[in-house]
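# Fold and geometry: a report
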Amino acid sequence: MSVTGRGAPAQSAAADREIVISRVIDAPRELVFEAFTAVRHLSRWWGPEGFTTTTRAFEFRVGGEWEFVMHGPDGTDYQEWISWTEIAPPERIALLHGERRGDPNAFESVLTFEPAGVATRIEMRTLFPTKELRDEAVEKYHAIEGGQQTLGNLAAYVTEIVRKGARR
C-alpha cells in the first residue's frame, strides 16, 4: 500500500489539495470494480474500521447518486452523498462526495483499477476544493488512515469472495 499526502509541486499544481492512496488487492480487476457497483457489495466493506453504512438511495450510473449514513463506532452518524461523474468499467470511476447534494465543500475522487498480474492495483485520488479542506480532512477526520482502512476492508471482502469461489 502506498500513500501520498502531498505530491511534489512539479507533479501537480493541486498537490496541496490532494490525497492519493493505493493498494494491490489479490483479486481480479472485474471483481474489485464490481464491489463498487452494487449496494449489496458496498454495504459489506465501505468505510473505515468500526464503521457501518446504511444506504438510503443508490443508483450506480453517471449522474446517479448514493445517499447513505456512516455510523461511527462512537455512535456518531455522518450523512454522506456521492454522485457518480464517470464510470468506465472495469478501469475507472469518478465521483463527487459530500454531506449532501450541493455541498460547497464536496470533493472529487477518481478511482482507477489496473491489472497487476492476477491481482488489481487500485488507486484512490481525492482532490479537495481548498488546501484548508484537505488539511481538515486529514487532521480532524483522519482521511488518510480512513482511506487506507476502507481499501483494506475492500481487499478483505473481495479476497474472501475469491477464496469462496462465489463471484456473485
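This text follows the structure it describes.
Report follows, based on the coordinates. All values derive from a computational prediction rather than experimental measurement.

Reading guide: rules and limits
- Residues numbered from 1 in each chain as written.
- Predicted model: local features only at pLDDT ≥ 70, side-chain atom pairs only at ≥ 80, totals over all residues.
- Heavy atoms only, no water.
- Core = buried A, V, L, I, M, F, W, Y, C linked by side-chain atoms within 4.5 Å.
- Buried < 20%, exposed > 50% of the residue type's maximum accessible area, 1.4 Å probe, protein only.
- Helix = DSSP H or I, 4+ residues; strand = E, 2+ residues; numbered from the N terminus.
- Contact = heavy atoms within 4.5 Å.
- Pairing = 2+ DSSP bridges.
- Salt bridge = Lys/Arg side-chain N within 4 Å of Asp/Glu carboxyl O.
- Phe/Tyr/Trp six-rings, centres within 6.5 Å; stacked < 30°, edge-to-face > 60°.

## Considerations on the nonpolar core
Ranked by size, the top nonpolar core spans 35 residues in total, and within it Phe36, Trp46, Ile93, Ile122, Leu154 and Val158 carry the most contacts. Looking at this core element by element, the count peaks at seven residues for helix α4 (residues 143-164). What leucine 154 contacts, discounting residues up to four positions off in sequence, is Ile25, Val32, Ala35, Phe36, Trp45 and Ile122.

## Re helix α3 (residues 131-139)
For α3, the set of buried residues is Leu133, Arg134, Asp135, Ala137 and Val138. Tucked into the core, α3 has its buried residues touching β2 (18-25) and α4.

## Structural notes on unusual backbone geometry
Residue proline 90 is reached from proline 89 by a cis peptide bond, and omega for that bond is -10 degrees. Within the secondary structure layout, proline 90 lies in the loop between β5 (77-88) and β6 (92-98). Phi at histidine 142 takes a positive value of approximately 55 degrees, unusual for a residue other than glycine. Checked against the element boundaries, histidine 142 lands in the loop between α3 and α4.

## Topic: the pairing of β5
Note that strand β4 (residues 65-71) and β5 share seven bridges and pair antiparallel. Considered in β5, the bridge of histidine 71 is made with aspartate 77. Adjacent in sequence and paired antiparallel, β4 and β5 are bridged by five residues, among which glycine 75 carries a positive phi angle near 95 degrees. Where β5 folds back onto β6 in an antiparallel hairpin, the turn is made up of three residues.

## Some words on the environment of valine 69
With respect to the secondary-structure elements, valine 69 resides in strand β4. The buried category is assigned to valine 69, whose relative accessible area is 3%. When the C-alpha positions of valine 69 and threonine 55 are compared, they lie 6.5 Å apart, and in sequence the two are 14 residues distant. Once residues lying within four places of it in the same chain are set aside, the contact partners of valine 69 are Thr52, Thr53, Thr54, Arg56, Asp77, Tyr78 and Gln79.

## Regarding the pattern of salt bridges
Here the structure, examined in full by the defined rule, presents 12 salt bridges. A salt bridge links arginine 101 to glutamate 67, with the shortest nitrogen-to-oxygen separation between them at 3.8 Å. On the criterion of sequence distance, the pair formed by arginine 101 in the loop between β6 and β7 (107-116) and glutamate 67 in strand β4 is long-range, its members being 34 residues apart. You can call arginine 101 exposed: its relative accessible area is 55%. For glutamate 67, a relative accessible area of 30% translates into the label partly exposed. A salt bridge links arginine 125 to glutamate 123, with the nearest nitrogen and oxygen atoms 3.4 Å apart.

## Some points on the packing of aromatic side chains
A complete count under the given rule lists 13 aromatic pairs for this structure. Plain terms: the ring middles of tryptophan 66 and phenylalanine 68 are 3.9 Å apart, the flat faces sit at 25 degrees to each other, and that makes the pair stacked. An identical accessibility class is assigned to tryptophan 66 and phenylalanine 68; each is buried. By way of ring pairs, the aromatic residues Phe33, Phe36, Trp45, Trp46, Phe58, Phe60, Trp66, Phe68, Trp84 and Phe113 are connected into one cluster.

## A closer look at the environment of leucine 111
Along the chain, leucine 111 turns up in strand β7. Overall, the relative accessible area of 3% leaves leucine 111 in the buried class. If we skip the residues at most four places from it in the chain, leucine 111 touches Phe36, Glu91, Arg92, Ile93, Leu95, Ile122, Glu123 and Met124.

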